[in-house]
Amino acid sequence: MSSYRLPSGGLVDRAASLAFTFDGKPMQGFAGDTLASALLANGQRLVGRSFKYHRPRGVLTAGAAEPNALVTIGTGGRTEPNTRATMQELYAGLEATSQNRWPSLAFDVGAVNGLLSPFLGAGFYYKTFMWPAGLWEKLYEPFIRKAAGLGRATYEADPDSYEKCWAHCDLLVVGAGVTGLAAALTAARSGARVIVADEHARAGGDLLSTTATLDGLAGPAYADAMLRELASHPEVQVLPRATVFGWYDGGVFGAVERVQKHVAAPDPRRPVERLWRIAARRAVLATGAEERPLVFGGNDIPGVMTAGAMRTYLNRHAVAPGRRAAVFTTNDSGYALAGDLERAGVEVAAVIDSRPDALAFPGLRARVIREAVVSDAHGGREIQAVDVWADGKRERIAVDSLAMAGGFNPVIALACQRGAKPRWSDAHGAFLAPDVDGLSLAGAAAGVTGLAACFESGVRQASAALSDLGFRPTPLATPVVEGDVVPAPAPPLWMIPGVKGKAFVDYQNDVHRADLDLAVREGYGHVELAKRYTTNGMATDQGKLSNVNAIGLLAKARGVSPGEVGTTTFRPFYTPVSFGALTGAHHGKHFQPVRKSPLHDWAARRGAVFVETGLWYRSSWFPRDGETTWRQSVDREVLNVRANVGLCDVSMLGKIEVCGPDAAEFLNRVYCNGFAKLPVGKARYGLMLREDGFIYDDGTTSRLAEDRYFMTTTTAYAAGVMTHLEFCAQALWPELDVRLASVTDQWAQMAVAGPKVREVLQRVVDEDLSNAAFPYLAARDVSLFGGRLRGRLFRISFSGELAYELAVPADYGESVADALMQAGEPFGIQPYGVEALGVLRIEKGHVTHNEINGTVVPADLGFARMVADKPDFVGKRMLSREALVAPGRPQLVGLVPLDPAASFRTGSHVLSKGAAATLENDQGYVTSTAFSPHVGSTIGLALVKNGASRHGEEVLVWNGLRNEMTTARLTSPVFVDPANEKLHA
Amino acid sequence: MASRVPCPHCGLRPKEEFTIKGAALPRPAPDAGEAAWIEYVYLRENPRGAYDEFWHHTSGCRRWLVVSRNTLTHDVYGARDVALGGETQP
Ligand SMILES: [Zn+2]
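How each quantity is defined
Residues numbered from 1 in each chain as written. Chains lettered and ligands numbered in written order. Predicted model: local features only at pLDDT ≥ 70, side-chain atom pairs only at ≥ 80, totals over all residues. Heavy atoms only, no water. 1 Å grid on protein atoms, 1.4 Å probe; cavity = no way out; pocket = protein on both sides within 12 Å on 5 of 7 lines; lining within 4 Å. Points joined across faces, edges and corners; volume = space filled by probe spheres on them. Nonpolar A, V, L, I, M, F, W, Y, C, P; charged D, E, K, R; others polar. Helix = DSSP H or I, 4+ residues; strand = E, 2+ residues; numbered from the N terminus. Contact = heavy atoms within 4.5 Å. Donors = N, O, S within 2.8 Å, 3.2 Å for Na, K, Ca; no water. Tetrahedral: all angles 85-135°; square planar, octahedral: opposite > 155°, others 65-115°. Buried < 20%, exposed > 50% of the residue type's maximum accessible area, 1.4 Å probe, protein only. Pairing = 2+ DSSP bridges. Core = buried A, V, L, I, M, F, W, Y, C linked by side-chain atoms within 4.5 Å. Buried area = accessible area lost by both parts, 1.4 Å probe. Salt bridge = Lys/Arg side-chain N within 4 Å of Asp/Glu carboxyl O. Polar contact = N/O pair within 3.5 Å; in protein donor to acceptor, adjacent residues only side chain to side chain. UniProt positions renumbered as here; feature names shortened; annotations may be inferred.

**Student:** Please clarify how empty space enclosed by the protein should be interpreted in this entry.
**Tutor:** Residue and element names in this part refer to chain A. Tallying each qualifying case throughout the model produces four cavities of 30 Å³ or more. Of the volumes computed, that of the largest cavity is approximately 120 Å³. In terms of lining, the largest cavity is formed by 14 residues, of which the most central are Arg 49, Ser 50, Asn 68, Leu 70 and Leu 150. A per-class count over the lining of the largest cavity returns five nonpolar, seven polar and two charged.

And the structure:
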């Protein structure tokens, strides 16, 4: 393969040779190359296979719109599929792999799809595969997925890091071509805070590929001078390799900066990509224009590219497109390329100009064929010839490369992402976007042509925006530009006569002209329908090159103007954004951090098995030697609490301090039961309702002082209750003087339970713990270890045993737990986990959110008498509405299987004895189950219609999913100590 | 949806810091009729245009705000602390 690199010129560093591979083949490029320019320099024109027909494809553009040259970069966890070779900077050691070909790029079996193309036209999914539906999953979809496609993502984890950040500025300039640089410099000189984002590695835009001079300087030198001055302004930030992909509400723009996607081994201390959210008071869109391809047969054969791209490769990268080129143009811009090609020593076989009145271009040697079109390009993996029609005659001209200059589409995507509609301008032959909401367009993005005019446009739009903000901009003088070819607007050329081969509109999705004709014929001529029917514009390039051509062709077919056809909707992202960038640092444990109780390490030391509940890691059970199943451990822990004493970490309960002169009144309004008269030193179980009358959460709240309460919430609802209380305090009753503080993390809290608990606790707590001195529901500040520590002791019980909860400052948790274990050793104390806790509370008939599931009111759980007769509380009014007091509501019951060896599962339905297993016969459902060592069988809690009056009734427990049926008996939900003698012992 | 919300205590802050409760409706008196309560608990206007909502500055000052915004244009007119009252600050 011969080299197409020119011996001199361009912005590549010939001293810095970079070795890379393409499909394993070693190649050489230079610093300053993109992967695309390096491939072309190596003569590698065939770069990929197309999506549907597997046609050979090469490099079509030199920028973000590239639909063809998509490759996979890297290996292992750094595999990055669908990378546009035109945007990928070359680095030493880069490994690129072509996509969508098998077994090889040059010989591809899937190309047979091209022969099947009559069956793969527009709408083929709908037509071919509608029936029979069963075949879709088994046959059609796997086939299509295999045959049509892009690169494959890796299953390996991405080893690199990503980050997100905010930035703020007066003026955001998107694009750092001549327009953007002029706008940015205007703003910089006026003292504004400026951010300039450019998607390329090197700022300058077309200045880097023009042969014109500005104030006597070559384009790149002029760009560098502007960048140098920008760098000297401290309030200016230039972000190269940063694509502004979205414009969001409130002047916020999203941008992704590819920080280290151009190096072989990223520095692990820095992110590879950075997601910016830029809050800009004003923005100037200087995004330039995209050159339109021309829709002739074979316009996708490698060697065909846009004229602007060919010029960029020639002038900037010093890569010749071939030995003998042709230029097919609709406007003057093609001549700039033709001239440059000739100067670089490339033979220009012909300039084919669609206009009858094209002017002669001074100095050009090439033959100019006026009022002519290229109808077809010929060749397989490379272009070999073109058919030119002029004067009604066809002429075949041998070429090895062909440039298409079809006019320009201003890049207006960002401006139209928030609902602004582009309008068609006949004068420009293009869709333009309006200036809206502090965003204005400048330069080629606004339809302006020529370097000098673009410069002026950038200065003007920046000045206007800055004046709006109160700055006093001093306009920059426009440089004297020489040698610039400024194309006058020319009518677009949509429909090319005489086309024989496939003329592609959307390269990436393999949509060709006939597909659009078909869409119109079949009634899908509306632009949004045509898009979906043909998939035009639906590929990862979002139709950057194809949408306007499709609109033009639809307009022709329908006999209306492109403006009447209109555009499809513009949405973020402008170009694909990696999941890594969107995720930022929020993955793994950074996304779901671990919450550890102050007693976590204490539990771990005692061999706890942990379970994740929300963010918390809770100790589930503490296995002992010889125990082979979790049930053995849990049964032992349960029995030990009932017989001796156990210690359980309950630190993860939500804890909220409620303080202030009106704290009592406040609690009285947030709980449905009475709290106003709770004496100091006492705890009370409370039920919180929602305004709709259903129970929200429960917990124990203790009055530590006249104006100070300590509330506990369930673990799961800790954050929600805090937010709810804040709402009540601030929005509902701001007149109440009350303060709230979350103290969940400040306290280590232990439940110590069992008949022998008092003896154990008394060895640690200084105060008298006799039943008389510290009765049931006492709650007090206590002294520990002879006055060395203070804690809070609550005589409350979730297990039904004589029990206390002891809270100590979090950092003392471990030592206090150790001290309790030591003190309890003679009494057989054992730690128990949340599994045993669950069994104990089910045995006692205590509810959790299994029962408080958003559908129950206090009466359903047997708490009817708790609801206080007081003027107001959250949920009061709705609690009395008809449905919530109607007979037949679900009520909490216990459930035991008739056969102690039988069991049932949570979620099973309860049916009346003898009833058929249908949902119509549903009487309720099982909310909690456990094996009860106390009862000697599985037991359950259930919500059953009128359950409270049905104790003793035999029922069926039906699990329709597993086809299980168990006979059981409804019972009181309290299986242990129904008279509460243990509690009060 | 707004990108940033002007918290009267914290300034313009990203919307991710806030939790939205919904329409900023006044709570009826406890003895208001059932219709008023049904309306308060269940019925929403879902207007096309100006809308006042309760927003909680969850990851900030933890104050409840009334945010005035436009559901059509996504403009945020301003916000005020629900308890402290005062003018809506842009
Ligand atoms: Zn705030």
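Having seen the model, we can carry on.
**Student:** What's the story with the side chain of Asp 515 of chain A in this structure? I'm lost.
**Tutor:** Among the structural elements, Asp 515 of chain A can be located in helix H10 (residues 513-521). Apart from residues lying up to four places away in sequence, Asp 515 of chain A is in contact with Gly 121, Ala 122, Asp 510 and Thr 534 of chain A.

**Student:** Would you mind going over the coordination of the zinc ion with me for this structure?
**Tutor:** Tetrahedral metal sites with four donors have an ideal angle of 109.5 degrees; octahedral sites with six donors have ideal angles of 90 or 180 degrees. Residue and element names in this part refer to chain B. At this site the zinc ion is bound by Cys 7 (SG), Cys 10 (SG), His 57 (ND1) and Cys 61 (SG), with donor distances of 2.0 to 2.3 Å. With four donor atoms in place around the zinc ion and angles of 106 to 114° between them, the coordination shape is tetrahedral. One chain supplies every donor for the zinc ion, spaced along it as C-x2-C-x46-H-x3-C. Residue Cys 10 is found in the loop between strand E1 (4-7) and strand E2 (11-14), and its partner His 57 is found in the loop between strand E4 (50-56) and strand E5 (64-70); the two are separated by 47 residues along the sequence. Its relative accessible area of 34% is what places Cys 10 among the partly exposed residues.

**Student:** Mind showing me how you'd approach the environment of Ala 413 of chain A here?
**Tutor:** Considering the arrangement of structural elements, one finds Ala 413 of chain A in the loop between strand E25 (408-410) and strand E26 (423-425). Beyond its immediate chain neighbours, meaning those up to four positions away, Ala 413 of chain A contacts Phe 570 and Tyr 574 of chain A.

**Student:** Please explain the sheet that holds strand E18 (residues 324-329) of chain A as it appears in this structure.
**Tutor:** Hydrogen bonds between backbone groups are what pair the strands of a sheet, and the pairing can be parallel or antiparallel. Residues and elements named next belong to chain A. Within the open sheet, the five strands sit side by side as E17-E24-E18-E19-E20. Their pairing is parallel. For this open sheet the edge positions go to strand E17 (304-306) and strand E20 (368-369), each flanked by a neighbour on one side alone. Sheet topology places E18 next to strand E24 (residues 401-405); five bridges connect them, and they run parallel. When the bridges of E24 are listed, Phe 328 appears paired with Met 404.

**Student:** Got a minute to help me understand the environment of Gly 543 of chain A in this structure?
**Tutor:** Residues and elements named next belong to chain A. When you line up the elements, Gly 543 lands in the loop between helix H11 (527-534) and helix H12 (547-558). Residue Gly 543 is classed as buried on the basis of its relative accessible area, which comes to 3%. Sequence separation between Gly 543 and Asp 697 is 154 residues, and the spatial gap between their C-alpha atoms is 52 Å.

**Student:** What should I look at first to understand the nonpolar core in this one?
**Tutor:** Across soluble globular proteins, nonpolar side chains have a tendency to be buried as a group. Residue and element names in this part refer to chain A. Residues Phe 20, Phe 22, Leu 35, Leu 94, Tyr 313, Leu 341 and Val 351 are the most contacted members of the largest nonpolar core, which totals 47 residues. Contributions of two or more residues to this core are made by strand E1 (13-22), helix H1 (35-41), strand E5 (70-73), helix H7 (307-315), E18, helix H8 (333-343), strand E19 (347-353) and E24. Ranked by the residues each element gives to this core, the list is headed by H1, at six residues. In contact with Val 351, other than residues within four places in its own chain, are Val 327, Thr 329, Tyr 335, Ala 338, Leu 364, Ala 366, Arg 367, Val 368 and Ile 369. By size, the runner-up hydrophobic cluster in this structure holds 46 residues, among which are Ile 195, Ala 530, Val 548 and Leu 553.

**Student:** Teacher, can you tell me more about the interface of chain A and chain B here?
**Tutor:** Reports of interface size often rely on the accessible area that becomes lost once the parts have come together. On the chain B side, the residues contacting the 29 residues of chain A number 26 residues. Taken over both partners, the interface formed by chain A and chain B buries close to 2,200 Å², and the fraction arising from carbon and sulfur atoms is 54%. When the buried area of chain A at its contact with chain B is split by residue, Phe 727, Gln 730 and Arg 877 of chain A rank highest and sum to 30% of it. Linking chain A to chain B there are four salt bridges. Across the pair Arg 27 of chain B and Asp 872 of chain A runs a salt bridge whose closest N-O atoms are separated by 2.8 Å. Where chain A touches chain B, the interface holds 14 residue pairs in polar contact (both at pLDDT 80 or more). Mapped by element, the contributors of at least two residues to the side of chain A that touches chain B are strand E8 (162-174), strand E15 (273-285), helix H18 (718-732) and helix H22 (876-879) of chain A. By residue number, the principal contributor to the side of chain A that touches chain B is H18 of chain A, which donates seven residues. Partitioning the side of chain A that touches chain B into residue classes produces 14 nonpolar, five polar and ten charged.

**Student:** For this particular structure, what's the right way to read the UniProt feature "domain: SoxA A3" (unreviewed entry) in chain A?
**Tutor:** According to UniProt, the feature "domain: SoxA A3" (unreviewed entry) maps to residues 500-583 of chain A in the numbering used here. As annotated, residues 500-583 of chain A comprises 45% helix and 6% strand, and the C-alpha atoms at either end are separated by 48 Å.

**Student:** Could you clarify how one ought to interpret the pairing of strand E34 (residues 616-621) of chain A in this entry?
**Tutor:** Consecutive side chains of a regular strand alternate in pointing toward one face of the sheet and then the other. Residues and elements named next belong to chain A. Most of E34 sits inside the fold, with six of its six residues counted as buried. Note that strand E32 (residues 595-596) and E34 share two bridges and pair parallel. Within E34, the position partnered with Arg 595 by the bridge is Trp 616. Here strand E33 (residues 609-613) runs beside E34; their pairing, made up of five bridges, is antiparallel. Bridge pairing in E34 places Val 609 opposite Trp 621. A loop of two residues connects E33 with E34, the two strands running antiparallel in sequence, and Gly 614 in this loop sits at a positive phi of about 65°.

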